[in-house]
Amino acid sequence: MTLCGEESFGTGSDHVREKDGLWAVLFWLNILAVRKQSVETIVREHWARYGRNVYSRYDYEGLPNEAAQGVMSHLQASFGN
């Protein structure tokens, strides 16, 4: 069971990737303190109301230039530019 799939708990900003999991821990501790429910109960209630959520991230920093150009060309073509 995944508690939150994104390490900064969706806060966005200039967090240091892979080092800001502390945000997720702090947010979960706050949720647990306020709701006074188990993690399992909170997650199951969330799934019942919103369905299952899937988080996926792909880092493009190491992508070869040719492949990156292919991604950009595909995106531009999908917007009709």
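Rules used throughout
- Residues numbered from 1 in each chain as written.
- Predicted model: local features only at pLDDT ≥ 70, side-chain atom pairs only at ≥ 80, totals over all residues.
- Heavy atoms only, no water.
- Helix = DSSP H or I, 4+ residues; strand = E, 2+ residues; numbered from the N terminus.
- Buried < 20%, exposed > 50% of the residue type's maximum accessible area, 1.4 Å probe, protein only.
- Contact = heavy atoms within 4.5 Å.
- Expected span 1.5 Å × (residues − 1).
- Phe/Tyr/Trp six-rings, centres within 6.5 Å; stacked < 30°, edge-to-face > 60°.
- Lys NZ or Arg CZ within 6 Å of the ring centre and 35° of its normal.
- Salt bridge = Lys/Arg side-chain N within 4 Å of Asp/Glu carboxyl O.
- pLDDT = per-residue confidence, 0-100.

1. Some remarks on the overall build of the chain
- When its secondary structure is counted, the chain shows 3 helices and 0 strands.
- Along its sequence from the N terminus, the chain presents helices and strands in the succession α-α-α.
- Per-residue burial for the chain yields a buried fraction of 10% across its 81 residues.
- Within the chain, counting contacts between residues at least 6 apart in sequence, those at least 24 apart form 33% of the total.

2. Some details on helix α3 (residues 65–78)
- Under the 1.5 Å per step criterion, the end-to-end length of α3 is 20 Å for 14 residues, consistent within 8% with the ideal 20 Å.
- Trailing α3 by a residue or two, Gly80 shows a phi angle of about 75°, which is positive.

3. Digging into the packing of aromatic side chains
- Within this structure, the stated rule accounts for 0 aromatic pairs.
- Over the ring of Trp47 we find Arg52, and its NZ or CZ is 3.5 Å from the ring centre.

4. What about the pattern of salt bridges?
- Within the structure shown, the criterion is met by 2 salt bridges.
- In this structure, the salt-bridge partner of Arg35 is Glu45, at a minimum N-O distance of 2.6 Å. Of this pair, Arg35 sits in helix α1 (residues 21–35) while Glu45 sits in helix α2 (residues 39–50), and the two are 10 residues apart along the sequence.
- For Arg35, a relative accessible area of 37% puts it in the partly exposed group.
- Classification of Glu45 by relative accessible area gives partly exposed; the value is 38%.
- For Glu40, the salt bridge is made with Arg44, and the minimal N-O distance between the two is 2.9 Å. You can see Glu40 and its partner Arg44 sitting in helix α2, 4 residues apart, about one turn around the helix.
- In this structure Arg44 comes out as partly exposed when scored by relative accessible area, which is 45%.

5. As for the confidence of the model for the chain
- On average, residues of the chain score 77 in pLDDT, and 69% of them reach the 70 mark or higher.
- Per-element confidence in the chain is highest for α2, whose mean pLDDT is 91, and lowest for α1, whose mean pLDDT is 84.

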